[in-house]
Amino acid sequence: QLQLVESGGDLVQPGGSLRLTCTASGSTLDGYAIGWFRQAPGKEREGVSCISFLNEQTRYADFVKGRFTISRDNAKNMVFLQMTSLKPEDTGTYYCAAHTRYVFGTCVPERYDRWGQGTQVTVSS
């Protein structure tokens, strides 16, 4: 029974960097696609970046391309989101989530069905 826990959220200045970690327990991450999503107050949850199990294919939202990098270490049951050049609009609760569908698919929250509790990222001067 897969459980996901996010960590690494913090208060950071604009232009700063942060690395988020998603740690799995109860199961290995073998076969799972993993996504990072975020939600700001009053806004819908949106996809940030996703990574597949096979071949570690990645997808990025346009608003983070060139700034964020997703990676995974299956041996450690961890997925990471390295965030650089952070902007105030990156503020929100960041969640990791997983699915086991054969098709990797698009990086949308509707495709993911196993979720962590989130970690808060605040970008402010």
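Everything here concerns the structure above.
Residues numbered from 1 in each chain as written. Predicted model: local features only at pLDDT ≥ 70, side-chain atom pairs only at ≥ 80, totals over all residues. Heavy atoms only, no water.

Asker: How would you summarise unusual backbone geometry if you had to cite specific residues and measurements?
Answerer: One non-glycine residue, Asn 55, lies in the positive phi region at around 65°. Unusually for a residue other than glycine, Ser 85 sits at a positive phi of about 50°. By secondary structure assignment, the location of Ser 85 is in the loop between β8 (78-83) and β9 (92-99). Assessed through its relative accessible area of 40%, Ser 85 is described here as partly exposed. (Helix = DSSP H or I, 4+ residues; strand = E, 2+ residues; numbered from the N terminus. Buried < 20%, exposed > 50% of the residue type's maximum accessible area, 1.4 Å probe, protein only.)

Asker: Could you give me a rundown of the state of the cysteines, with the residues and numbers involved?
Answerer: Under the criterion given, the structure shown has two disulfides. Across the disulfide from Cys 50 sits Cys 107; the S-S distance is 2.0 Å. Residues Cys 50 and Cys 107 are joined by a disulfide whose S-S torsion is about 75°; by sign, that bridge is right-handed. Note that Cys 50 is positioned in strand β5 (residues 46-51) and Cys 107 in the loop between β9 and β10 (114-115), a separation of 57 residues in sequence. (Disulfide = S-S within 2.5 Å.)

Any functional reading would require information beyond the geometric quantities listed.
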